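# Tertiary structure, described
Letter by letter, the chains look like this.
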Amino acid sequence: MVVCHNKTQRELDSTPCVNTSYIKAGHFMQNTIQSQEAQKLHYLITGANRGIGLELCKQALEKGHHVSACVRKPETATELRALEGNLRIVQLELSSGESINDCAEMIDGPIDVLINNAGIMGGYDQALHEIRAEQILETVNVNAIRTLEFTRALLPKMKASQCRKIVSLTSRMGSIADNTSGRFYAYRMSKAALNMAMQSLAIDLAPEQFRVLLMHPGWVQTDMGGANAPLNVRDSVSQMLGVITRYNHLGKATFMNYQGETLSW
Ligand SMILES: NC(=O)c1ccc[n+]([C@@H]2O[C@H](COP(=O)([O-])OP(=O)(O)OC[C@H]3O[C@@H](n4cnc5c(N)ncnc54)[C@H](OP(=O)(O)O)[C@@H]3O)[C@@H](O)[C@H]2O)c1
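Note that the coordinates shown come from a computational prediction; the quantities given were computed from them, not determined experimentally. (Residues numbered from 1 in each chain as written. Predicted model: local features only at pLDDT ≥ 70, side-chain atom pairs only at ≥ 80, totals over all residues.)

### As for the overall build of the protein chain
For clarity, the threshold we go by: Helix numbers and strand numbers start at the N terminus; a helix is a DSSP run of H or I with at least 4 residues, a strand a run of E with at least 2. Neighbour density around each residue's C-beta defines its exposure: 20 or more other C-beta atoms within 10 Å make it buried, 12 or fewer make it exposed, and counts between make it partly exposed, where C-beta atoms are placed from the backbone. What counts as a contact is two residues whose backbone-derived C-beta atoms lie within 7 Å of each other.
Counting its secondary structure elements, the protein chain contains seven helices and nine strands. Expressed as a percentage of its 265 residues, the buried residues of the protein chain come to 43%. Long-range pairs, those at least 24 residues apart, make up 65% of the contacts in the protein chain with a sequence separation of at least 6.

Here you go:
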């Protein structure tokens, strides 16, 4: 892993973003500046049905934030539906442009923090001799192209907040500098494309004070990460939420792991 510890502190140095406290009735209070830890924000989290996305919702709700949780099938999202707190579940199928637009319309603004967590591995048959073009196209479509499209659809509601944080779950496997083991064409290409899309977005939106973060969650015990992963989902998510809260870097995007260490592109 390539880690540049010297950049981390500067990028985590933060002034508080402005709180847009959410009230159940659907109105937002007059903005007040509080310490970042105490702020009650509106988080929008995709892929909230299981794994890292479900845990992000759980811990954000535990901290008293309002959460809009996006899932493909709200009716079967039983673990998510059982969570207590200020939660709204909205349907989102990222591979459909229509679903992206409908979802963006249904979400109440302002949105303070968008977490693009939903993603696919694209199968485990990704060695050179077996990878198929369709597999790569589908994986890049969901993980990068549609994620960018979804983010763009939400910008008007994010501009209504002064916090304006866009966080996308990427992977070290999308790092060109860190690729020493090859294979995994679809997944690696999709995350490298996501990283590039978010970097352009960060530059384009810098004049409007957006903060863009690409975050590697570690190798985590989920359906995607598998049972042999060294990190449990609760530890990964609690550290990621700490990094996200403190992250306040304006300008270009940053590629960090769950511990707040800057990774090489
Ligand atoms: N776990 C790891 O070790 C690891 C490491 C590096 C990066 N990451 C990244 O972290 C993120 C979360 O990973 P995870 O381990 O929690 O994965 P996971 O357990 O496989 O969960 C993925 C989530 O994404 C949703 N999703 C997949 N395709 C979708 C689509 N087309 N539209 C909408 N939602 C979709 C799934 O919905 P359904 O439940 O409906 O299928 C599920 O809720 C991913 O972006 C992943 O690439 C994970």
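From this point, the narrative continues.
### Focus: the environment of W219
Topologically, W219 is positioned in the loop between strand 7 (211–216) and helix 7 (233–246). Residues W219 and A229 lie 10 residues apart in sequence; the distance between their C-alpha atoms is 5.5 Å. Each residue touching W219, except ones within four places of it in the same chain, is listed here: G225, A229, P230 and L231.

### Quick word on unusual backbone geometry
That bond from G109 to P110 is cis: its omega, -10°, falls within 30 degrees of zero. Along the polypeptide, P110 turns up in the loop between helix 4 (97–106) and strand 5 (113–116). Although it is not a glycine, R183 adopts a positive phi angle of roughly 55°. Take R183: there are 14 C-beta atoms within 10 Å of it, and that puts it in the partly exposed class. Here F184, not a glycine, exhibits a phi torsion of approximately 50°, which is positive. Note on placement: F184 falls in the loop between strand 6 (165–169) and helix 6 (185–205).

### Let's talk about the nonpolar core
Rules: Put simply, a nonpolar core is a cluster of buried Ala, Val, Leu, Ile, Met, Phe, Trp, Tyr and Cys residues tied together by C-beta atoms within 7 Å.
Within the largest apolar cluster, 62 residues are counted, with the highest numbers of intra-cluster contacts made by I45, C57 and L213. Tallying contributions element by element places helix 6 first for this core, with nine residues.

### Quick look at the packing of helix 5 (residues 133–159) against helix 6
For any two helices packed against each other, one specifies the crossing angle of their axes together with the interaxial distance. Short version of the rule: Axis lines are fitted through C-alpha atoms, for helices just across the contact stretch, and the angle between N-to-C directions can take any value from 0 to 180 degrees. Put simply, angles under 35 degrees are roughly parallel, angles over 145 are roughly antiparallel, angles from 65 to 115 are roughly perpendicular, and the rest are oblique. Left-handed describes a crossing whose near helix is turned anticlockwise from the far helix through less than a right angle; right-handed describes the clockwise counterpart. Residues were grouped as follows: Ala, Val, Leu, Ile, Met, Phe, Trp, Tyr, Cys and Pro as nonpolar; Asp, Glu, Lys and Arg as charged; and all remaining residues, including Gly, as polar.
Helix 6 packs onto helix 5 with a crossing angle of 20° between their chain directions and a minimal axis gap of 8 Å. On the basis of the axis angle, helix 5 is roughly parallel to helix 6. Crossing of helix 5 over helix 6 shows right-handed handedness. In this structure, helix 5 uses Q135, I136, T139, V140, N143, A144, T147, L148 and T151 to contact helix 6, whose residues at the interface are Y185, A186, Y187, M189, S190, K191, A193, L194, A197 and L201. For the contact of helix 5 with helix 6, the class distribution of residues is 12 nonpolar, six polar and one charged.

### Describing the environment of L169
Looking at the element boundaries, L169 is found in strand 6. Considering only alpha carbons, one finds L169 and M215, 46 residues apart in sequence, at a separation of 5.0 Å. Every residue in contact with L169, bar those within four places of it in the chain, is listed here: I52, N116, N117, G119, M215 and P217.

### Considerations on the pairing of strand 3 (residues 66–71)
We count it as follows: Between any two strands, pairing holds if DSSP finds at least two bridges. Handedness rule for crossovers: strands pointing away from the viewer, path from the first strand over the helix to the second running clockwise, crossover right-handed.
Counting buried positions along strand 3 yields six of six residues, so the element is predominantly enclosed. On strand 3, burial covers both faces: H66, S68 and C70 on one face and V67, A69 and V71 on the other are all buried. Across five bridges, the pairing between strand 2 (residues 42–46) and strand 3 is parallel. Looking across to strand 3, one finds that L44 is bridged to S68. Each parallel crossover has a hand, and for strand 2 linked through helix 2 (residues 51–62) to strand 3 it is right-handed. As defined by bridge partners, strand 3 adjoins strand 4 (residues 87–91) across five bridges and the pair is classed as parallel. Along strand 4, the bridge assignment pairs V71 with Q91.

### Brief notes about the site of the ligand
Put simply, the rule reads: The criterion for a residue being near a molecule or strand is simple: its C-beta atom, placed using the backbone, must lie within 6 Å of it.
In the vicinity of the ligand, 27 residues are found, and the nearest of them are G47, G51, G119, T222 and G225. The element best represented in the shell around the ligand is helix 2, accounting for three residues. Among the residues making up the shell around the ligand, the classes are represented as 12 nonpolar, 11 polar and four charged.

### Remarks on the confidence of the model for the protein chain
Low-pLDDT stretches of the model should not have their predicted coordinates read in fine detail. We count it as follows: Every residue is assigned a pLDDT by the predictor, reflecting its confidence on a scale from 0 to 100.
A residue-level look at the protein chain finds 86% of positions with pLDDT of 70 or above and a mean pLDDT of 89. Of the regions scoring below 50 in pLDDT, residues 18–34 engages in 35 contacts with residues more than four places distant in sequence or in other chains.

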